[in-house]
Number of protein chains: 2
Amino acid sequence: MADTARHIRAAHQLRILSDALDSGRLGPVRRLVNTLSPAEIGNLLESLPPTRRNVVWGLVDPEDDGEVLLHVGEDVRESLLAEMDPDEIVAALEDLDIDDLAELMDDLPEAVTAEVLRSMDRENRERLEQALSYPEDTAGRLMNPDVVTVRADATVEVVLRYLRLRGELPENTDRLYVANRRHQYLGQVALSDLLTREPSTPINTLIDDAQPAIPVHTPANEVANRFSDHDWISAPVVDENNVLLGRITIDDVVDIIRDQAEHRALGAAGLDEDEDLFASPLRAMRRRSLWLGINLALAFVVASIIGLFEATLEQVVALAVLMPIVASMGGNAGLQAMTLTVRGLALGQLGSSNVRPLMVKEITVGVLNGLLWAVVVAAAAGLWFGSPMLALAIAAAMTINLVFAAAAGVGIPLLLRRMNIDPAIAGSIVVTLFTDAIGFFAFLSMGTLLLVP
Amino acid sequence: MADTARHIRAAHQLRILSDALDSGRLGPVRRLVNTLSPAEIGNLLESLPPTRRNVVWGLVDPEDDGEVLLHVGEDVRESLLAEMDPDEIVAALEDLDIDDLAELMDDLPEAVTAEVLRSMDRENRERLEQALSYPEDTAGRLMNPDVVTVRADATVEVVLRYLRLRGELPENTDRLYVANRRHQYLGQVALSDLLTREPSTPINTLIDDAQPAIPVHTPANEVANRFSDHDWISAPVVDENNVLLGRITIDDVVDIIRDQAEHRALGAAGLDEDEDLFASPLRAMRRRSLWLGINLALAFVVASIIGLFEATLEQVVALAVLMPIVASMGGNAGLQAMTLTVRGLALGQLGSSNVRPLMVKEITVGVLNGLLWAVVVAAAAGLWFGSPMLALAIAAAMTINLVFAAAAGVGIPLLLRRMNIDPAIAGSIVVTLFTDAIGFFAFLSMGTLLLVP
């Protein structure tokens, strides 16, 4: 099972914490909470129902507040911010890096945003305003402007002397960037090279220019893909004139990489990544009702197809009994083809050149599955109702539906994408509408042909 | 849309490649392919139907073969290995790190495994055998045994001299590990500290021992969780006596982090992460048939519930027309609650202490949704069939089903987990069985009560 270890560990913390909360002694809770990393505290807060969440949030070391806010989904973040005074928020954000601060700023009440900006020194304020000037979900928002640059004409010795003078390097620095006078990006030098080469070595012999810099307006998803395609730990960010603006590190990208898959896992049920497990029921209901409303409209379309066959159903009630079987098998087979197609689209593996082979493969799978399950279902239905004609009708309908399901599973996500509708979200209800409609129609029209006297 | 940028870029490569393949001139294809990183080539190969995949695989620079094999799913890897001679495989694996090699060894034919081991020098063979001695999906398999250690009693100057003598450091080294004589792990020193401190600084004043080492038998998922909880770039691995064995870097962990979410996205359709988009139809059919077979059995259970009401259906055929609406709404609402619960379980956010509040919240959502949609569906059905009693029956059934759906969406994944069945895979069919069964039963029994004379 994929997540057992984490489950056990986190559930264990949760139980200890819950017992301590029950006992009403907050000292032990505070001690427990503050042994955790900010990401773990975030995970814990997401697991707590609102009342307990607020109690525990009050016990978190104020120094960690900012980092914790970074590690929770947007809905939970909103609920935590609602519990804080403006002063507390300003204090919580004080120690954050510029990129992290920029991420939070969008979620803050406007009065607080102004206060945060006022509380900063001019240099940091300018850097934050700069970061906020880039659109959300782009490289500009992910980068940290704190980078160390050296000149190509220096030697290792000069650089070492400069670094000792400079003191501490930004967190997770594994390489320095080489830039020219106009601060344009030329390449990078690994810290490990500085350590292993002779002091007299010129920097320009150590420059690694294999890694292209990321343009500042690159979408965050594309940044994540480049990181995972190249196993990067960090990457330089430049403007349109190749001027070095900052540096993105993998820890800022890991969440995006995970969310790309998470988006599909949740989207298929019409949910989004920021959904709070313990949202207020009214809010949760509102969030889900658009999805359910569309589903209801589609269900009426399906019902109206069944309605065409009222006369048949009146005469052969066994059709009503068996018809959900045809629809359900079609739905499942369709979702299998759709899930693969949606993943292929997300990973950029599907384009005009290979849609046809995929369609051919999935339809072949549909035919094979259709024939296999037609035989099984015909045997079972035939035995149950003792009617060979009924068995024939369901076998034919099953084969037809599984073939159409395969085509729909591949075709519908592609169509949705072309219409600029996210197939990860809309795919499953549209495919199910289609397989239900085809399944009921095929079965009931077969039934009308073969069974109505 | 989550993945548009990657989609555009990769689809573009795919089209160029496809055009070049169509033209039959392989020179441009080879040049294009070899401008890509191994991960990009892997992604590309996964996008190609079998014939083209084999052509392109033959054009990949043999030096990249090993890295490419690492970057494809298991099914595709198998299809690529099947195209290679044993000699080619041995050559492809030559330059890989020990941890990467260990990952591939499990998928190799036994004759090739022996040949690979024979072709290695003794030191590397021993290291590989060591790596293979750890169970799959544990820290032991992820780590690279190539680490640089220093002594606590040295000074920065001594270490710098040692590093210059030693030459190149292992890839992605951002810190050195401090160990004692018995090679036990004491802490780490950041390369940036070595660069910024005075040469006379003793190493023991620079040791950072905040990061705990990872025990070698830690499951891979747990390793991934620690990395993402603490924003680590790398971590030391130790045996039960705290002896340093190796080092895990984030690039080896990113794939696991992604797969945790991917597992849920694919599992809900009964697929697994290694499924090949272009698997042979027979293989794909076999893979999916267990899932469809279980679904069929469950669909017959649902049909037998409908069968209980044959007499009612004969008299009120409108019930047969409308019953899929009740089932479909219940299914969707149930999947929403289930998807949230399965994610909560995967993230370790659900334990005995907060299941009840989640259940209460979801049931409240179910009641609210139930009432809302009951009114809508009753109005629509009442208008359609002109029967207030029918409207009342569907309203009651809808409310009942949405409440049960909420309870099932939370309860069934928890129950499955307790039975050691992966809720990410089994959850959706079991929840749907439940909501179908309740939906049909509630609606048809209401119909019998209210509509049968």
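Residues numbered from 1 in each chain as written. Chains lettered and ligands numbered in written order. Predicted model: local features only at pLDDT ≥ 70, side-chain atom pairs only at ≥ 80, totals over all residues. Heavy atoms only, no water.

Looking at an unreviewed UniProt entry, one finds chain A named Magnesium transporter MgtE, with Coralloluteibacterium thermophilum as its source organism. UniProt annotates chain A under Sequence similarities (unreviewed entry) with the comment "Belongs to the SLC41A transporter family." Entered under Subunit (unreviewed entry) in the UniProt record, the comment concerning chain A runs "Homodimer." (UniProt positions renumbered as here; feature names shortened; annotations may be inferred.)

**Student:** Would you explain the overall build of chain A in this entry?
**Tutor:** If you tally the helices and strands in chain A, you get 21 helices and 6 strands. Oriented by its inertia axes, the alpha-carbon framework of chain A measures out at about 95 × 60 × 40 Å. Taken across its 453 residues, chain A has 59% of its residues classed as buried. In chain A, once contacts between residues fewer than 6 apart in sequence are set aside, the share between residues at least 24 apart is 66%. Accessible surface for chain A amounts to roughly 18000 Å². Of this, 55% is attributable to carbon and sulfur atoms. Here chain A contributes 35 positively and 63 negatively charged side chains, and the mean placements of these two sets differ by 3 Å. (Helix = DSSP H or I, 4+ residues; strand = E, 2+ residues; numbered from the N terminus. Buried < 20%, exposed > 50% of the residue type's maximum accessible area, 1.4 Å probe, protein only. Contact = heavy atoms within 4.5 Å. Areas by Shrake-Rupley, 256 points an atom, 1.4 Å probe, with all protein chains shown as cover. Lys, Arg positive; Asp, Glu negative; His and termini not counted. Charge placed at Lys NZ, Arg CZ, Asp CG, Glu CD.)

**Student:** For this particular structure, what's the right way to read the packing of aromatic side chains?
**Tutor:** Two numbers describe a pair of aromatic rings. These are the distance of the centres and the angle of the planes. Taken as a whole and judged by the stated rule, the model has 12 aromatic pairs over all chains. Ring geometry for F300 of chain A and W384 of chain B: centres 6.3 Å apart, planes at 45°, overall tilted. With one member in each of two chains, F300 of chain A in helix α16 (residues 281–307) and W384 of chain B in helix α19 (residues 355–385) form a pair that bridges those chains. With 5.7 Å between their ring centres and 70° between their planes, F309 of chain B and F441 of chain B make a pair best called edge-to-face. With F309 of chain B in the loop between α16 (281–307) and α17 (310–315) and F441 of chain B in helix α21 (residues 423–451), this residue pair connects regions lying 132 residues apart in the sequence. We classify F309 of chain B as buried; its relative accessible area is 9%. Look at F441 of chain B and you get partly exposed, because its relative accessible area is 45%. Through successive ring pairs, a cluster of aromatic residues spans F300 of chain A together with W384 and F385 of chain B. (Phe/Tyr/Trp six-rings, centres within 6.5 Å; stacked < 30°, edge-to-face > 60°.)

**Student:** Whenever I open this one, the relation of the copies chain B and chain A confuses me. Can you help?
**Tutor:** One copy of the chain maps onto the other through a rotation about an axis plus a displacement along that axis. The two copies are related by a screw operation: chain B maps onto chain A through 180° of rotation and 0.0 Å of translation along the axis, at an RMSD of 0.1 Å. Such a turn and shift between the copies fits a two-fold axis. Of every C-alpha in chain B, the one belonging to A265 of chain B sits nearest the axis of rotation, 1.9 Å from it. (Least-squares fit on C-alpha atoms with pLDDT ≥ 70 in both.)

**Student:** Sorry if this is basic, but what is going on with a negative patch on the surface here?
**Tutor:** Residues and elements named next belong to chain A. Side chains of D61, E63, E94 and D95 sit close together on the surface and give a patch of like negative charge. Inspection of the secondary structure puts D95 in the loop between α7 (86–93) and α8 (98–105). Since its relative accessible area comes to 61%, D95 is described here as exposed. (Patch = residues over 30% accessible without salt bridge, like charges linked within 9 Å, V, L, I, M, F, W, Y side chains within 5 Å. Salt bridge = Lys/Arg side-chain N within 4 Å of Asp/Glu carboxyl O.)

**Student:** Help me understand the interface of chain B and chain A, please; the structure alone is not making it clear to me.
**Tutor:** Where the parts come together, the accessible area they lose is often given as the size of the interface. At the interface, 139 residues of chain B touch 139 residues of chain A. Approximately 12900 Å² of surface area, both sides summed, lies buried where chain B meets chain A, with 64% of it carried by carbon and sulfur atoms. Counting across the chain B and chain A interface gives 4 salt bridges. Here R264 of chain B makes a salt bridge to E262 of chain A, at a shortest N to O gap of 2.7 Å. Here chain B and chain A share 28 residue pairs in polar contact (both at pLDDT 80 or more) between them. Tallying contributions element by element places helix α18 (residues 317–346) of chain B first for the side of chain B that touches chain A, with 20 residues. Residue classes in the side of chain B that touches chain A are distributed as 73 nonpolar, 37 polar and 29 charged. (Buried area = accessible area lost by both parts, 1.4 Å probe. Polar contact = N/O pair within 3.5 Å; in protein donor to acceptor, adjacent residues only side chain to side chain. Nonpolar A, V, L, I, M, F, W, Y, C, P; charged D, E, K, R; others polar.)

**Student:** Please explain the UniProt feature "transmembrane region" (unreviewed entry) in chain A as it appears in this structure.
**Tutor:** In the numbering used here, UniProt assigns the feature "transmembrane region" (unreviewed entry) to residues 290–309, 315–342, 363–385, 391–416 and 428–452 of chain A. As a span, residues 290–309 of chain A carries 90% helix and 0% strand, and end to end its C-alpha atoms are 30 Å apart.

**Student:** Which parts of the structure should I look at to understand the UniProt feature "domain: CBS" (unreviewed entry) in chain A?
**Tutor:** Residue and element names in this part refer to chain A. Using the residue numbers shown here, the UniProt feature "domain: CBS" (unreviewed entry) corresponds to residues 143–206 and 207–266. This span, residues 143–206, is 27% helix and 20% strand, and a straight line between its end C-alpha atoms measures 25 Å. Each end of residues 207–266 is marked by a C-alpha atom, and these two atoms are 44 Å apart; helix forms 47% of the span and strand 22%.

**Student:** How should I be thinking about the pairing of strand β2 (residues 175–179) of chain A in this particular structure?
**Tutor:** Side-chain positions along a regular strand alternate between the two faces of the sheet. All names here are of chain A. Across the 5 residues of β2, 4 count as buried, placing the element largely inside the fold. Examined bridge by bridge, strand β1 (residues 149–150) and β2 share 2 bridges and lie parallel to one another. Within β2, the residue paired with V150 across the bridge is V178. The sheet contact formed by β2 and strand β3 (residues 185–190) spans 5 bridges and is antiparallel. What sits directly across from R175, in β3, is A190. (Pairing = 2+ DSSP bridges.)

**Student:** Would you take a moment to explain helix α8 (residues 98–105) of chain B for this structure?
**Tutor:** The periodicity of an α-helix, 3.6 residues per turn, causes residues three or four positions apart to be oriented the same way. Burial runs high along α8 of chain B: 7 of the 8 residues are buried. Turning to α8 of chain B, its buried residues number three or more, namely I98, D99, D100, L101, A102, L104 and M105 of chain B.

**Student:** Can you walk me through the environment of A131 of chain A in this structure?
**Tutor:** Here A131 of chain A lies in helix α10 (residues 122–132). Along the sequence, A131 of chain A and L142 of chain A sit 11 residues apart, while their C-alpha atoms lie 8.7 Å from each other.

**Student:** Help me understand helix α6 (residues 74–81) of chain A in this model?
**Tutor:** Residues of α6 of chain A that are buried include every one of D75, V76, R77, L80 and L81 of chain A, and no others. Where α6 of chain A is buried, its residues meet α3 (38–46), α4 (50–59), α5 (65–70), α7, α8 and α16 of chain A.

**Student:** I would appreciate a short explanation of the sheet that holds strand β3 (residues 185–190) of chain B in the present structure.
**Tutor:** Two modes of strand pairing occur in sheets, parallel and antiparallel, and in both the strands are linked by backbone hydrogen bonds. Here we have 3 strands laid out as an open sheet, ordered β1-β2-β3 (chain B), and mixed in their pairing. Each having just a single partner strand, β1 (149–150) and β3 of chain B make up the two edges of the open sheet.

**Student:** Is there a simple way to explain the sheet that holds strand β4 (residues 214–215) of chain B in this structure?
**Tutor:** Residues and elements named next belong to chain B. Read across the open sheet, the 3 strands follow the order β4-β5-β6; overall the sheet is mixed. Of all the strands in the sheet, just β4 and β6 (244–249) have a single pairing partner and so form its edges. Sheet topology note: the β4/strand β5 (residues 234–238) ladder contains 2 bridges and is parallel. Paired with I214 across the bridge in β5 is V237.

**Student:** Which parts of the structure should I look at to understand the pattern of salt bridges?
**Tutor:** Two side chains of opposite charge can pair, provided their charged atoms sit close to one another. Residues and elements named next belong to chain B. Inspection of every chain in the model, using the stated rule, returns 34 salt bridges over all chains. Of the charged contacts in the structure, one is a salt bridge between R226 and E222, with a shortest N-O distance of 3.2 Å. Of this pair, R226 and E222 are both found in helix α14 (residues 220–230), 4 residues apart, which corresponds to roughly one turn of the helix. We note a salt bridge from E275 to R287, for which the minimum N-O separation is 3.7 Å. Pair noted here: E275 is in the loop between α15 (250–267) and α16 and R287 is in helix α16, with a separation of 12 residues, a long-range link.

**Student:** Any chance you could explain the environment of V452 of chain B here in plain terms?
**Tutor:** Residue and element names in this part refer to chain B. Within the element layout of this structure, V452 appears in the segment after α21. Separated by 136 residues in the primary sequence, V452 and V316 place their C-alpha atoms 7.3 Å from one another. Not counting the four nearest positions on each side in its chain, V452 is found in contact with T312, Q315, V316 and G447.

**Student:** Just to check I follow, could you spell out the nonpolar core for this structure?
**Tutor:** One recurring pattern in soluble globular proteins: nonpolar side chains tend to sit buried together. One finds I325, M398 and F443 of chain A together with I325, M398 and F443 of chain B to be the most contacted residues of the largest nonpolar core, which totals 88 residues. In contact with M398 of chain A, other than residues within four places in its own chain, are I325, V326, M329, G370, W373, A374 and V377 of chain A together with L296 of chain B. (Core = buried A, V, L, I, M, F, W, Y, C linked by side-chain atoms within 4.5 Å.)

**Student:** What's the story with the domain arrangement of chain A in this structure? I'm lost.
**Tutor:** Once the domains are mapped, chain A shows domain 1 (4–142), domain 2 (149–250) and domain 3 (281–451). Placing a centre on the C-alpha atoms of domain 1 of chain A and another on those of domain 3 of chain A gives a separation of 45 Å. (Domains from an automatic or database assignment.)

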